[in-house]
Amino acid sequence: MATGVKSRVKLPKTVRAGEVITIKTLITHRMESGQRFDEAGQTIPRSIIHRFTCDFDGETVVDATLHPGIATNPFFEFKARVPRSGVFSFAWYDDDGAIYTAQKSIAVT
């Protein structure tokens, strides 16, 4: 598992029913390609975030497949319509099997 991985998510805390919001996510991750060598000449194992998902109360909002060309510390910005109060769940899937998750609640006023 990659060390120092931290995710950040930004979205409003309250909205009106049916409002479209902008969601921003960032995960700190080295995104090692598997093509570099360490000081001993050994290949550094590949470790990239290969998938990102966002669900709202179990309904898929975003499901993105990523490839080795993605930048270090991937940033995603997307829009979603909020029909009711609920919870957004985010997941970043690493090549090494780790899954990094975050959740953010949103309230309809």
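The structure under discussion appears in the preceding block.
For clarity, every value in this text was computed on a predicted model and none was experimentally measured.

**With respect to the pairing of strand β6 (residues 75-82)**
- Only one face of β6 is covered, namely the face carrying F76, F78, A80 and V82; the face carrying F75, E77, K79 and R81 is uncovered.
- Taken together, the 8 bridges between strand β3 (residues 19-28) and β6 define a ladder with antiparallel strand orientation. Paired with I23 across the bridge in β6 is F78.

**Topic: the side chain of T53**
- Note on placement: T53 falls in strand β4 (residues 49-56).
- We classify T53 as buried; its relative accessible area is 8%.
- Apart from the residues lying within four places of it in its own chain, the contact partners of T53 are V62, D63, S89, F90, A91 and Y93.

**Points about the pattern of salt bridges**
- For the coordinates displayed, the defined rule picks out 6 salt bridges.
- The residue R84 makes a salt bridge to D57 at a minimum N-O spacing of 3.8 Å. Taken together, the residues R84 in the loop between β6 and β7 (86-94) and D57 in the loop between β4 and β5 (59-65) connect sequence positions 27 residues apart.
- Residue classification places R84 among the partly exposed positions, given a relative accessible area of 35%.
- Of the charged contacts, one joins R84 and E59 as a salt bridge, the two residues approaching to 3.3 Å between their closest N and O atoms.

**Examining the sheet that holds β3**
- The strand order β1-β3-β6 describes an open sheet built from 3 strands, whose pairing is antiparallel. With one partner strand each, in any of the chains shown, β1 (6-10) and β6 form the two edges of the open sheet. This sheet shows a mean twist of 20° between the axes of neighbouring strands, independent of strand direction.
- Looking at chain direction, β1 and β3 are connected through 5 bridges and run antiparallel. Within β3, the residue paired with K10 across the bridge is K24.

Rules of the game
Residues numbered from 1 in each chain as written. Predicted model: local features only at pLDDT ≥ 70, side-chain atom pairs only at ≥ 80, totals over all residues. Heavy atoms only, no water. Buried < 20%, exposed > 50% of the residue type's maximum accessible area, 1.4 Å probe, protein only. Helix = DSSP H or I, 4+ residues; strand = E, 2+ residues; numbered from the N terminus. Pairing = 2+ DSSP bridges. Contact = heavy atoms within 4.5 Å. Salt bridge = Lys/Arg side-chain N within 4 Å of Asp/Glu carboxyl O. Axes fitted to C-alpha atoms, helices over the stretch in contact; angles between N-to-C directions.

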